[in-house]
Amino acid sequence: MRPLLLLVCALGAANASDEFFESKIRPVLATRCYVCHSAKAPKVQGGLWLDTKSGVLEGGISGPAVVPGDPERSLLIKALHHSDEALKMPPGKPLAAEVIADFEHWVRIGAPDPRTGEKPKPAIPEKVRQFWSFQPPRRHEPPNTDGPVSTFIDPFLQAKMREKGLSPSPEADRASLLRRLTYDLTGLPPEWDDSQAFLADAAPDAYERAVERLLASPQYGERWGRHWLDVARYADTRDRGARFAFSYTYRDWVIRAFNEDMPYNEFVRKQLAADRMQLDDPADLAALGFITLGRSVPKGEHDMIDDRIDAVTRGLLGLTVTCARCHDHKYDPIPTQDYYSFYGVIANSEEPVEYPLVAKPAPGDPLEETYRRGMEARLAAVEEFKVKRHTELVAEYRSAEWIARYILAAQSASKFNNREIEKLSRERDYNLFVLRRWRDYLNQTREAADPVFAPWHALAAGRKPEPANPLMAAVSRAGSMEELARIYGEILARHDAEAPHADPNAEALRLVLRGEGVPANIPLSDFLQIRGPGGDANIVRALRNAVRVWQAECAYRGLTPRAMALDDTKEQKPSHVFVRGNPNDPGVAAPRRFLAVLSPDDRQPFGPGSGRLDLANAIASDTNPLTARVLVNRVWAWHFGRGLVTSPSDFGLRGDPPSHPELLDELARRFMDEGWSIKKLHRWIVLSHAYRQQSVDRAEMRAKDLENLFLWRMNRRRLDYEELRDTMLHASGRLDRAIGGLPFSPNAEPAVPRRTVYAYLDRGRLPGELTTFDFANPEAHSPVRYQTTVPQQALYLMNSPFVAEQARHIAEAASGVADLYRRILGRDPSQEEAALGRAFVGAEQPAVRPAVPAHPWQYGMAAWDGHALTGFRPFRFWEPERWQPASLLPQPEMGSPFLTAQGGSPGDSARHAVTRRWVAPADGEVRIEGKVEHKLGDRAIGDGIRAWIIHRGGAVLAERTLRNESADLVATVTVRAGETIDFLVEPRGDAENDSFTWDPAVTAADVRWQASQAFEGPRPEPLPPLAKYAQVLLQTAEFAFVD
Amino acid sequence: MGFGALALGALLDSRGELHAASFNSPLAPRKPHFAPKAKRVVHLFMNGGPSQVDTFDPKPALAKYAGKELPFKFQTERRTGAAYPSPFKFAQHGQSGIPVSEIFPEIASQIDDICVLRSMHTDIPNHEPSLMMMNCGDVRQARPSFGSWITYGLGSENQNLPGFVVLCPGGVPVQGSHNWRSAFLPGAYQGTHIDTKEEQVDKLIAHIRNPVASLDEQRRQLELLAQLNRRYRESREEDSLVESRIQSFELAYRMQMEASDVFDLSQEPEHIRAMYGEGLQARQMLTARRLLEKGVRFVQVWHGAGQPWDNHNRIELNHRKLAGECDKPIAALLKDLKQRGMLDDTLVIWGGEFGRTPTVELPEDGANSGTLDGRDHNPHGFSMWVAGGGIKPGTVYGATDEFGFAAAENKMHVHDLHATLLHLLGFDHERFTYRYAGRDFRLTDVEGRVVKDILA
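Analysis parameters
- Residue numbers restart at each chain and count upward from 1, following the sequence in its written direction.
- Each chain takes a letter, starting from A, and each ligand takes a number, starting from 1, following the order in which they are written.
- Selection of residues for local features in this predicted model requires a pLDDT of at least 70, selection of side-chain atom pairs for listing and counting requires 80 or more, and totals for whole chains, interfaces and linings are taken over all residues.
- Only heavy atoms go into the side-chain values, all of them from the structure, while hydrogens and water stay out.
- Here a strand is any run of E in DSSP of at least two residues, a helix any run of H or I of at least four, and the numbering for each starts at the N terminus.
- Under the scheme applied here, a residue whose accessible area is under 20% of the maximum for its type counts as buried, over 50% as exposed, and between as partly exposed, the area being computed with a 1.4 Å probe on protein chains only.
- Here, residues are in contact when the closest pair of their heavy atoms is within 4.5 Å.
- Where accessible areas are quoted, they stem from the Shrake-Rupley method and a 1.4 Å probe; at the residue level, only the protein chains shown are allowed to cover.
- Counted charges follow a simple rule, with Lys and Arg positive, Asp and Glu negative, and His plus the chain ends left uncounted.
- For the purpose of locating charges, the reference atoms are NZ of Lys, CZ of Arg, CG of Asp and CD of Glu.
- Radius of gyration here uses only the C-alpha atoms, and the compact-globule reference equals 2.2 Å multiplied by the residue count raised to the power 0.38.
- Accessible area that two parts lose when put together, evaluated with a 1.4 Å probe and summed over both, is termed the buried area.
- One side-chain nitrogen of Lys or Arg within 4 Å of one carboxyl oxygen of Asp or Glu is enough to make a salt bridge.
- Pairing of N or O atoms within 3.5 Å defines a polar contact, subject to two protein rules: one partner must be a possible hydrogen donor and the other a possible acceptor, and residues neighboring in sequence count only if both atoms are side-chain atoms.
- As used in this record, nonpolar core signifies buried Ala, Val, Leu, Ile, Met, Phe, Trp, Tyr and Cys residues forming a set joined through side-chain atoms within 4.5 Å.
- Boundaries of every domain are those given by an automatic assignment or by a domain database.
- We call two strands paired when DSSP finds no fewer than two bridges between them.
- The angle between two axes is taken between their N-to-C directions and runs from 0 to 180 degrees, where each axis is a line fitted to C-alpha atoms and a helix contributes only its stretch in contact.
- Any two cysteine sulfur atoms within 2.5 Å of one another count as a disulfide.

As a further point, take the overall build of chain A. Counting its secondary structure elements, chain A contains 39 helices and 23 strands. With respect to the three principal axes, the spread of C-alpha positions in chain A is 120 × 90 × 55 Å. Looking at chain A as a whole, 57% of its 1043 residues qualify as buried. The contacts in chain A between residues at least 6 apart in sequence include a share of 68% that link residues at least 24 apart. Carbon and sulfur atoms make up 54% of the accessible area of chain A, which amounts to about 42,600 Å² in all. Placing the 132 positive and 142 negative side-chain charges of chain A at their respective mean positions leaves the two points 2 Å apart.

All right, on to the overall build of chain B then. Scanning chain B from terminus to terminus reveals 11 helices and 19 strands. Computed over C-alpha atoms, the radius of gyration of chain B comes to 23 Å, within 12% of the 23 Å expected from 2.2 N^0.38 for 456 residues, which places it in the range of a compact globule. For chain B, contacts bridging at least 24 residues in sequence account for 78% of all contacts bridging at least 6. By element, 48% of the accessible surface of chain B is carried by carbon and sulfur atoms, the whole surface being about 15,500 Å². When the 51 basic and 57 acidic side-chain charges of chain B are each reduced to a single mean position, those positions are 2 Å apart.

Residue and element names in this part refer to chain A. For the peptide bond that leads from M89 to P90, omega is -15°, which places it in the cis range. Mapped onto the fold, P90 is located in the loop between α3 (75–81) and α4 (97–108). Put simply, L889 and P890 share a cis peptide bond, and its omega is -5°. Position of P890 among the secondary structure elements: in the loop between β9 (882–884) and β10 (898–899). The phi dihedral of D429 falls on the positive side, at around 60°, and the residue is not glycine. Of the residues examined, D429 reaches a relative accessible area of 22% and is grouped as partly exposed. Unlike most non-glycine residues, R580 shows phi in positive territory, near 50°. Along the chain, the position of R580 falls in the loop between β3 (576–578) and β4 (586–589).

The next point concerns the interface of chain B and chain A. Tallying the contact residues gives 80 residues for chain B and 83 residues for chain A. Buried area between chain B and chain A, summed over both chains or domains, comes out near 7,200 Å², and the portion from carbon and sulfur atoms is 53%. For the chain B face of the interface with chain A, the top three residues by lost area are R140, H207 and R245 of chain B, together amounting to 10%. Linking chain B to chain A there are 7 salt bridges. The salt bridge involving D440 of chain B is made with R654 of chain A; its shortest N-O contact spans 3.2 Å. On inspection of chain B and its partner chain A, the count reaches 25 residue pairs in polar contact (both at pLDDT 80 or more). Of all elements in the fold, only α6 (215–234), α7 (240–262), β18 (434–436) and β19 (439–441) of chain B reach the threshold of two or more residues within the side of chain B that touches chain A.

Turning to the nonpolar core, a few remarks are in order. Within the largest apolar cluster, 291 residues are counted, with the highest numbers of intra-cluster contacts made by W228 and W438 of chain A together with L44 and W385 of chain B. A domain split of this core shows at least three residues from each of domain 2 (263–360 + 564–622) and domain 3 (399–519) of chain A. Apart from the residues lying within four places of it in its own chain, the contact partners of L44 of chain B are M285, V301, I330, L333, V348, I349, W350, G351 and W385 of chain B.

What follows covers the sheet that holds strand β15 (residues 945–951) of chain A. Residues and elements named next belong to chain A. If you walk across this open sheet you meet the 6 strands as β7-β6-β12-β19-β15-β16, and the pairing is antiparallel. The strands lining the two open edges of the sheet, one partner per strand, are β7 (869–874) and β16 (955–962). Going across the sheet, the axis of each strand differs from the next one's by a mean of 25°, ignoring polarity. Bridge count between strand β12 (residues 913–919) and strand β19 (residues 980–987): 6 bridges; the pairing is antiparallel. Each bridged residue has a counterpart across the sheet, and for V914 the counterpart in β19 is V985.

Residues and elements named next belong to chain A. A sheet is described by the order of its strands in space; here 4 strands give the open sequence β18-β13-β21-β22, paired in antiparallel fashion. One side of each edge strand has no neighbouring strand; the edge strands of this open sheet are β18 (971–975) and β22 (1008–1010). The sheet shows a mean angle of 20° between the axes of neighbouring strands, direction not considered.

A word on the state of the cysteines. Disulfide: a covalent bond connecting the sulfur atoms of a pair of cysteines. One pass over the structure, following the stated rule, counts 0 disulfides over all chains. No disulfide involves C326 of chain B; its sulfur sits 13 Å from that of C168 of chain B, the nearest cysteine.

Before going further, it helps to examine the environment of H178 of chain B. Tracing the chain through its elements places H178 of chain B in the loop between β6 (164–168) and β7 (192–195). In sequence terms H178 of chain B and I330 of chain B are 152 residues apart; their C-alpha atoms lie 25 Å from each other. In contact with H178 of chain B, not counting residues within four places along its chain, are D239, R240, R295, G764 and E779 of chain A together with M132 and C136 of chain B. A polar side-chain atom of H178 of chain B sits 3.3 Å from a polar atom in the side chain of R181 of chain B.

See the structure below:
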């Protein structure tokens, strides 16, 4: 009987409270909340379903909506009160006070809720799953056509044309065709001999053979590798000036992969997870640069991860996943949880401190040894600082004053949600990490009836604080929480000690500050979370940065190449949704797994480690509907100037639908079926009639298809910046075809004649001409390049030293007007054109160098052994505002020698001392004066420099060793015309912090030569008539456009 | 053909959204959503962060607490201590009676044209993110700058000069070109940085002058080029991309002369030069006016390289010196714009990336050379002022708390400032978007409200 009776009672009680729910709660939920938070909502907001009991208890991405029995900790109640800026529900005016009171009562009595039914599992609506780009691509039979067909592509295009009343154009003439093909596949114009041979080649497969020849040339990989580097937002720095040590190994890996026709699925897998794969060649680790070489700024770790997610998802999948960082994707089926699944994969991967080798160092390479020692010193400096400051900071957190401050704040925050506690820390100057620890600790001690904190919780609850611990007698005197906090602070600080106390009461107090996991016992690994404001953070960043700077210094000095690799972190941290993107407000868990829309319903979490390998396999899969489509569309766009899908990095619901869906599918399917070979894909495209047709306008076609969406002709295109620059170097015969290696500086004069793909790219500080000519901005993944026309482009061609220099070289190499045509435009001039050219050249005056007086200064480096100065070499390159021996520093062997108007820096050894040399213009006595100054930076590393004044390469007039000091060096000497005086600076034992200022002056009876006043870059020289003519040809539309 | 053929008018479509595409005349003038009050902008950037309680937000209550802890304190970059009253005197000026610190006597004389914003606030107490917020509306991610947005939305009135010009003497501010970047907008909308310490025009705009060839020689080259291009064109049809490229050489030729002209201050009459005074600030304010007059859409003028107003120590000495440099030139710029009738449709913005604490910064290693006479960064509350272009003159908007630590009344976030300025320029900040990476981006992200109270 008894059990039955109990049951009846329980039912009775339930009925009463159910009635409360039915009368007071449900109607409000139904009328005010269901519109966004129920099965009836067009789109459920915040993942919160209020139409089932389980939905209320599980809650949405912010966590449970209701904590039964505790209204203060229930988000739903908080939202109704409109007290949290970021959480006001329902939107607009708050509900009436009595309604809110009902809800509070309901939660307090345990939130009884008779509703049944499960919170629906989030599912992708079937209609969305059926969206074209989420469906696997299928094979399609080419439609019938009576037009010219060269590959399977043509029938698809021609069928569409027929539908639209359009027709294809005839094949282009052979010269245009070869120029188009050669630029397209290699980024360079055809060689004169190759084009003559091609024009004379009557064999039916002449074009096919040209295609094969070009696809096999190493320049192919440089061109197409560069296309991929746009996708990969490649640059040589993280952000302005912050160099990656080995970015070039990724760039070279990409170029090689294209040249070797690495299957695209393998290409993708290696770029995401080479470190998790069995590799035949360790050089493949460099592929991970795809992830690691993006933009990052100090304190921007969440944005760095976001950038990496963006490169992977837009770059490889054509999906804009990063739109879901703060809320579900507005258009595509990408919940914010999916974003944080990706986030977990990337956040659980880290760049190793030591980058792995991709080649074997030469045995006994002294640079390796120098590198190793430098690394040890720098890593030790980081550790040392951390330990020192950690000790100091933790001591502060254990002081009476700070304990009092934090426990008082923690008490007021006991029921705060993440956002509220963040606000408190910000507005009242608490360290958020420590405050949270105290908050959690106090909550635990309340629940556990902890003897030390029992009086605390007693007073907080309005009871008298009665201590159990005799050492805490003072607490009973406290009349307010403030007073009590102060007393706690004093007691706890007084009993703080490193070693345990014998007295158990004292020990209990000591453990509050020293026990395992207590708030003030902060492990060193969490140092960055508790660092003091300002200064410390900057110092740790600077010290860590010093490690990366050292790696780059050594890399540019020729350290054996290494990979900008990625590892899984040692321990995997679970990832959570950050509510509205706020990392201080973690919500529900987001297990590492693939996107819902591209997964089966029973989606499994990724396997061990970060999950990157699983992610890579999911992307580079035959069953992934997007990967192949996105790639073939990119390749198509790079050939034709526009993709079949014109939003190449957005295949989502708001992207542009394909102009030729069957063709896109057929290309993607075949591409996968035939081994993911990009070179095969090129052949299908460039051998097609569509590609080979003329670019000539046809008015009747244009009337029907202005934009040439249906490819009734080939698109004319303008050379991009790389093609423009490379072609100018090519025309003078000076193009250096060396492949790969460290970059060169694109700012230097004279220009380094390497291909533009090897130019040093400083993220956020690209050379102006790259920006002017619409180069891909490496701040982020670049789906397409803009094509703007601005007068600055013309100014560059009219006035830049680079173009003038190339025009001069071309003219010097050319035998006359006709030869200029061959070199620049790849054809012979007509008679009329030749006559025009000769007339122009004949009428121009010969170049006359303007009469500017020469100055007696030279800048260079030399070896100096204390007795004889040998091997003086003038610096060859002007890198704006400084003279140096190479376009980019440091360089192997020598380090970073350079001279500026006011000073400079010596190379790594006395063999690379820098010298500002004065050559006497006449006989006579001269007086020499000037102050040398050497300054160590903030980090007092380095043993200083030695400055010398040397007459005739051997006679020492003055000498001084300096370390963080300055000195006047003066001398008087009689010189004969042509004799030299060298102002030489050499390093001492090490090459650290060796920059100096020294602006000497040489004074004769009536003249004074001040070094800084004469300092200048290369003097521009007027162009001879033929070079002026060459410059005009470089400016022509014919040069700039490819038909 | 292809992308290039997009008609200019199509940049703004029927929904009022601007479109990403490639275009032949990216700087052609365009109309915004509705009739604008302001047609151009000059932003006077006091980089480093001027102190509000020493400039436009007097706080007598600080004197009561001098040397004592304030009752509350907000989190800033470094540690600060007791209340630190302003060493400067304030007096009321003009009809409006708005109080201004003694360090700005000349600006004070123009106060009736100014609207002081005392309740500005931003997010982070570090320069880099706050500069990015003020300029690009986002603390860290690569977003287009305000000037780029405006130039993109309105084009420019002068095709022979860049539409967005950045003046800074002696180098670049912290974050350098990020402050005026175009990010995902085309490169043509990026600010053109000009070091106003340089006097030669060829240091001002890249490749603006040929180092050796005379204009006559260039003319002859261009004549030949035109002949060769004519032949090329004859054998081909109309192609707007080819056409605009050919035109761009003539444009460039004219730009060489116009640019030399605009930076040649000797063309100004003596009394105007005297009004601006001597020194770098005078020169760059006058240059700014000449650029605006020539039709440049957006001019940003930085006080100097690095972060001159970042006075963690010796604030009395430093603030007095900095204000002394720019006070007269800024007042002259206001007067000069007004006497030319340009102030009515020119927005003048003055301010830093954040403000400074009313408390004294504590000495710390490697922070402030160990003195007790400076103030730390403060994003919680700071002052700016705006004038001209549809702004209500002679007013004060908003207030900080009793001590000037945090914005308290009518709080105005940087997003709100952007929304309001865009409104004056004819844009609904919520509709002024650019489609990129699947999202319609805005300068104001998902925030911002137009502060109607400061509109004339």
